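Inside the fold
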Amino acid sequence: PPKQSYNKINIICYDRIGYGASSSFNAINGNKICISPPTFTSITCHDRALELLSKLKHQNSKENPKPFFLYLAWQASHVPDEAPQEYVDKYGLEEAVHPQRIFMQAQTTTLDDCINSVITYLKDNNMWDNTLIIFSSDNGGDIFRGDNFPLRGYKNSSWEGGVRVPGFVTGGYLNDNRKGEV
């Protein structure tokens, strides 16, 4: 709502994608949170988001709602070519002509499942109606990992395939007459 400040600002981002991420960094207060044992960063980001949402759910009530801002800086799909094995297995790495693409697909499916879980949590815990989600990417697919067809170009190019990215706004807070609008 206008003129309303956020009760809590949470930023979740990691110093590296894959299994090697050693810490989470909170850009607001500069605190680092060590990750042990190392897990795939999309899953770590998911777990941290659910942990924060659980705390925020208990701090809020219908009588005393406290808005918060949560920024999830998921980095998938990205190098290095790593993904949870259960996701890699879905795409047949052994038969792959371009193994990099298999890892990209596995990372994207991992990310899809993590996003779905966070949204399901919001809905199941009566937080969805006051939620606005803004989703965006930073660049087009890499030449060996992505498929930007029918757009020309790839990441690091000025062609549409390098700079035109998916993005959308959704959430229970969005007016019904705005849903599905371009």
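Parameters and conventions
Residues numbered from 1 in each chain as written. Predicted model: local features only at pLDDT ≥ 70, side-chain atom pairs only at ≥ 80, totals over all residues. Heavy atoms only, no water. Patch = residues over 30% accessible without salt bridge, like charges linked within 9 Å, V, L, I, M, F, W, Y side chains within 5 Å. Areas by Shrake-Rupley, 256 points an atom, 1.4 Å probe, with all protein chains shown as cover. Salt bridge = Lys/Arg side-chain N within 4 Å of Asp/Glu carboxyl O. Helix = DSSP H or I, 4+ residues; strand = E, 2+ residues; numbered from the N terminus. Buried < 20%, exposed > 50% of the residue type's maximum accessible area, 1.4 Å probe, protein only. Axes fitted to C-alpha atoms, helices over the stretch in contact; angles between N-to-C directions. Parallel < 35°, antiparallel > 145°, perpendicular 65-115°, else oblique. Contact = heavy atoms within 4.5 Å. Nonpolar A, V, L, I, M, F, W, Y, C, P; charged D, E, K, R; others polar. Polar contact = N/O pair within 3.5 Å; in protein donor to acceptor, adjacent residues only side chain to side chain. Phe/Tyr/Trp six-rings, centres within 6.5 Å; stacked < 30°, edge-to-face > 60°. Lys NZ or Arg CZ within 6 Å of the ring centre and 35° of its normal. Expected span 1.5 Å × (residues − 1). Core = buried A, V, L, I, M, F, W, Y, C linked by side-chain atoms within 4.5 Å.

Quick look at a nonpolar patch on the surface
On the surface, L132, I134, V169 and Y173 cluster together into a nonpolar patch covering about 410 Å² of accessible area. Here L132 is to be found in the loop between α3 (99-124) and β5 (133-136). Classification of L132 by relative accessible area gives partly exposed; the value is 44%.

Focus on the packing of helix α1 (residues 41-59) against α3
Relative to each other, α1 and α3 sit at 5 degrees, their axes nearing to 9 Å. The orientation of α1 with respect to α3, classified from their angle, is roughly parallel. Where α1 approaches α3, its residues S42, I43, H46, A49, L50, L53, S54 and K57 are matched on the opposing element by T110, C114, S117, V118, Y121 and L122. Considering only residue class, the contact of α1 with α3 consists of eight nonpolar, five polar and one charged.

With respect to the pattern of salt bridges
Evaluated as defined, the whole model comprises three salt bridges. Note that E51 is salt-bridged to K55, the shortest N-O span being 3.8 Å. Remark: K55 and E51 occur in helix α1; sequence separation between them is four residues, near one turn of the helix. Judged by its relative accessible area of 47%, K55 falls in the partly exposed class. Through salt bridges with shared partners, a single ionic network connects R48, E51 and K55.

Description of the side chain of T131
Position of T131 relative to the elements: it lies in the loop between α3 and β5. In this structure the side chain of T131 is engaged in a polar contact, spanning 2.6 Å, whose partner is the backbone oxygen of M127.

Here we look at the packing of aromatic side chains
Where two aromatic rings form a pair, the distance of their centres and the angle of their planes describe that pair. Counting across every chain of the model gives one aromatic pair. An angle of 20 degrees between the planes, with centres 5.2 Å apart, marks the rings of F135 and F168 as stacked. Remark: F168 occurs in strand β6 (residues 167-170) and F135 occurs in strand β5; sequence separation between them is 33 residues. Relative accessible area serves as the criterion here: at 45%, F168 is assigned to the partly exposed category. Geometry around W159 places R152 over its ring, the cationic atom sitting 3.6 Å from the centre.

Quick look at α3
Across its 26 residues, α3 extends 37 Å between first and last C-alpha, which sits within 8% of the 38 Å expected from 1.5 Å per residue. Three or more residues of α3 are buried, namely I102, F103, M104, A106, Q107, T109, T110, L111, C114, V118, Y121 and L122. Here the buried face of α3 lies against α1 and α2 (85-88). Just beyond α3, the residue with positive phi is N126, at close to 55 degrees.

Focus on the nonpolar core
With eight residues, the main nonpolar core is built from A49, L50, L53, V118, Y121, L122, M127 and W128. Those elements that place two or more of their residues in this core are α1 and α3. Residues in contact with M127, not counting those within four places in the same chain, are L53, K57, F68, Y121 and L122. Within the second largest apolar cluster, six residues are counted, among which are Y87, V88, I102 and F103.

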